[in-house]
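Single-letter residue listing:
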Amino acid sequence: MKKYVCDVCGYVYDPAEGDPDSNIPPGTAFEDLPDDYECPVCGVGKEDFSPEE
């Protein structure tokens, strides 16, 4: 599964780790995150993330 990077602050969403602070379990693909998911660091939405190169 591909990692995604927040375009604003550089936070990396790693599907292997999920986002425990947002109750996102490990193994959750970025595409499967809720539509209202926000960056846990700066609060922007999914539309401000890009696939990691």
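Look above for the structure.
Per-chain numbering applies: the sequence of each chain, read as written, is numbered from 1 onward. Confidence filtering applies because this is a predicted model: local features only for residues at pLDDT of at least 70, side-chain atom pairs given and counted only at 80 or more, and all residues used for totals across whole chains, interfaces and linings. Excluded from the side-chain calculation are hydrogens and water; included are all heavy atoms of the structure.

Topic: the nonpolar core
Inference 1: Each nonpolar core is a collection of buried residues, namely Ala, Val, Leu, Ile, Met, Phe, Trp, Tyr and Cys, held together in the definition by side-chain atoms within 4.5 Å. Partly exposed residues are those whose accessible area sits between 20% and 50% of the maximum for their type, while under 20% is buried and over 50% is exposed, using a 1.4 Å probe and protein chains only. With eleven residues, the main nonpolar core is built from Tyr4, Cys6, Tyr11, Tyr13, Ile24, Phe30, Leu33, Tyr37, Cys39, Val44 and Phe49.
Inference 2: Contact partners of Ile24, with chain neighbours within four places excluded, come to Tyr13, Gly18, Asp19, Leu33, Pro34 and Tyr37. Note on contacts: a residue pair qualifies if any of its non-hydrogen atoms lie within 4.5 Å across the two residues.

Focus: the side chain of Thr28
Inference 1: Its place among the elements puts Thr28 in the loop between strand E2 (12-13) and strand E3 (49-51).
Inference 2: In this structure Thr28 comes out as buried when scored by relative accessible area, which is 14%.
Inference 3: Two N or O atoms form a polar contact when they lie within 3.5 Å of each other; inside protein one atom must be a possible hydrogen donor and the other a possible acceptor, and for residues adjacent in sequence the pair counts only when both atoms belong to side chains. Here Pro25 takes part through its backbone oxygen, which lies 2.7 Å from a polar atom of the side chain of Thr28.
Inference 4: The contact partners of Thr28, leaving out residues within four places of it in the chain, are Met1, Tyr13, Pro15 and Leu33. Comment: elements are numbered from the N terminus, with helices defined as DSSP H or I runs of at least four residues and strands as E runs of at least two.

Re the pattern of salt bridges
Side-chain pairs of opposite charge can arise whenever the charged atoms involved come near each other.
Inference 1: The salt bridge criterion pairs a side-chain nitrogen of Lys or Arg with a carboxyl oxygen of Asp or Glu, the two atoms within 4 Å. According to the stated counting rule, one finds one salt bridge in the structure shown.
Inference 2: In this structure, the salt-bridge partner of Asp14 is Lys3, at a minimum N-O distance of 3.8 Å. Of the two residues, Asp14 is situated in the loop between E2 and E3 and Lys3 in the segment before strand E1 (4-6); the sequence distance between them amounts to eleven residues.
Inference 3: Assessed through its relative accessible area of 32%, Lys3 is described here as partly exposed.

Quick look at the sheet that holds E1
In sheet architecture, strand pairing relies on hydrogen bonds along the backbone and comes in two forms, parallel and antiparallel.
Inference 1: Should DSSP find at least two bridges between two strands, the strands are taken to pair. The strand order across the open sheet formed by three strands is E2-E1-E3, and the pairing between neighbours is antiparallel. At either margin of the open sheet sits one strand with a lone partner, and together these are E2 and E3.
Inference 2: Inspection of the sheet shows E1 paired to E2 by two bridges, in the antiparallel sense. Paired with Tyr4 across the two strands is Tyr13, which belongs to E2.

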